[in-house]
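Below, each chain spelled out in residue letters.
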Amino acid sequence: AVLWLGAGTPYLIFAACLLLFGAGYTLANTAWETLYMGSVPAGLAGLSAAISSAAGQLGGVIAGTALGLVLVSFGRRDFALRLEAAGVPPERVAQATAALDQLLQPEALADPLVSQEVAARLLEGYRESYAVAFAYSLLVAVAITLACIA
C-alpha cells in the first residue's frame with residue numbers, strides 16, 4: 001500500500017501501513033517459529049532456539065544496513081533527478097545536494113548556507129525524494145523476500 005501513496009501523504013498513513021506490515025510479519029514469524037521448533041528434537045530445542053535467534057538478529061542487521069543503503073541511494077538519485085528536471089545545471093545540482101546535506105545537520109540552524117526560501121524548497125524536495133526512495137526500498141525488500149521464498 002505504501003507504494004501507491006504519494007509524497008504528500010501524512011506520516012500517520014505511512015505509520016498505519018507499517019503497523020499492518022508488522023502485524024502480518026508477526027503472524028508469519030510465529031507460524032514459522034512454531035513449525036521450526038516443532039520439527040526439532042526436544043533435546044536440541046534450546047540450541048535450535050539460540051541459532052534461530054542469532055540468525056534472525058544477524059539477518060536484521062544485514063537487511064537494515066542494506067535497505068538503508070538502498071534508501072539513501074534511491075533518495076539521492078531521485079533528488080538529483082528532480083533538480084535536473086527543474087532545469088538546474090549539473091554543477092548546481094552538486095551544490096544543492098551539499099547545501100541539503102548541511103541543512104540536515106543539527107548545527108545548520110545556527111549557520112545556514114542558503115536563504116530560508118531556498119532551504120524550504122530543498123527540504124520539500126528532500127521529503128518527496130525520501131518518500132519515493134522509501135517506496136522503492138520496500139519494493140526491493142519484497143523482491144528479496146520473494147526470491148528467498150522461491
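My aim in this report is to walk through the structure given alongside it, one point at a time. The model shown is predicted, which means the values in this text are computed figures rather than measured ones.

What counts, and where the lines are drawn
Residues numbered from 1 in each chain as written. Predicted model: local features only at pLDDT ≥ 70, side-chain atom pairs only at ≥ 80, totals over all residues. Heavy atoms only, no water. Helix = DSSP H or I, 4+ residues; strand = E, 2+ residues; numbered from the N terminus. Rg over C-alpha atoms; globule rule 2.2 N^0.38 Å. Buried < 20%, exposed > 50% of the residue type's maximum accessible area, 1.4 Å probe, protein only. Contact = heavy atoms within 4.5 Å. Areas by Shrake-Rupley, 256 points an atom, 1.4 Å probe, with all protein chains shown as cover. Lys, Arg positive; Asp, Glu negative; His and termini not counted. Charge placed at Lys NZ, Arg CZ, Asp CG, Glu CD. Core = buried A, V, L, I, M, F, W, Y, C linked by side-chain atoms within 4.5 Å. Axes fitted to C-alpha atoms, helices over the stretch in contact; angles between N-to-C directions. Parallel < 35°, antiparallel > 145°, perpendicular 65-115°, else oblique. Phe/Tyr/Trp six-rings, centres within 6.5 Å; stacked < 30°, edge-to-face > 60°. Left-handed = near helix turned anticlockwise from the far one by under 90°. Nonpolar A, V, L, I, M, F, W, Y, C, P; charged D, E, K, R; others polar.

Each helix and strand in the protein chain was counted, giving 4 helices and 0 strands. Along the protein chain, helices and strands appear, N-terminal first, in the series α-α-α-α. Taking 150 residues into account, the globule formula puts the C-alpha radius of gyration at 15 Å, and the protein chain, at 21 Å, lies well above it. Taking the principal axes of the C-alpha coordinates as reference, the protein chain spans close to 65 × 30 × 25 Å. Taking all 150 residues of the protein chain together, 20% fall into the buried category. Considering only contacts in the protein chain between residues 6 or more positions apart, those separated by 24 or more positions represent 52%. Of the roughly 10,500 Å² of accessible surface on the protein chain, 71% is carried by carbon and sulfur atoms. Taking the average place of the 6 positive charges on the side chains of the protein chain and the average place of its 10 negative ones, the gap between the two points comes to 5 Å.

With respect to the element layout, Ser137 can be found in helix H4 (residues 116–149). Assessed through its relative accessible area of 6%, Ser137 is described here as buried.

With 10 residues, the main nonpolar core is built from Phe79, Ala80, Leu83, Val93, Ala96, Ala99, Leu100, Leu103, Ala119 and Leu122. If you list the elements that add at least two residues to this core, you get helix H2 (45–85), helix H3 (90–103) and H4. Here this core gets 5 residues from one element, more than from any other, and that element is H3. In this structure Ala96 touches Phe79, Leu83 and Leu122, once residues within four positions along its chain are discounted.

Attention now goes to the packing of H3 against H4. The contact between H3 and H4 brings their axes to 10 Å, and the two run at 90 degrees. The angle between H3 and H4 falls in the class roughly perpendicular. Between H3 and H4, the residues in contact are Ala96, Ala99, Leu100 and Leu103 and Ala119, Leu122, Leu123 and Tyr126, respectively.

Going through the model one piece at a time under the given rule, you end up with 3 aromatic pairs. Where Tyr126 meets Tyr130, the ring centres are 6.5 Å apart and the plane angle is 35 degrees; that geometry is what we call tilted. Residue Tyr126 and its partner Tyr130 are both found in helix H4; the two are separated by 4 residues, about one turn of the helix. The exposure class of Tyr130 is partly exposed, given its relative accessible area of 33%. Look at Tyr130 and Phe134: their rings are 6.2 Å apart centre to centre, the planes differ by 25 degrees, and that puts the pair in the stacked class. Of this pair, Tyr130 and Phe134 both sit in helix H4, separated by 4 residues, roughly a single helical turn. A relative accessible area of 18% means that Phe134 is categorised as buried. An aromatic cluster of three or more residues is present, and its members are Tyr126, Tyr130 and Phe134.

All right, on to the packing of helix H1 (residues 11–38) against H2 then. Running from amino to carboxyl end, H1 crosses H2 at an angle of 145 degrees, the nearest separation of the two axes being 10 Å. Like other packed secondary-structure pairs, H1 and H2 cross with a definite hand, here right-handed. Contacts between H1 and H2 pair Glu33, Tyr36 and Met37 from the former with Ala45, Ser48, Ala49 and Ser52 from the latter. Across the contact of H1 with H2, the residue classes tally to 4 nonpolar, 2 polar and 1 charged.

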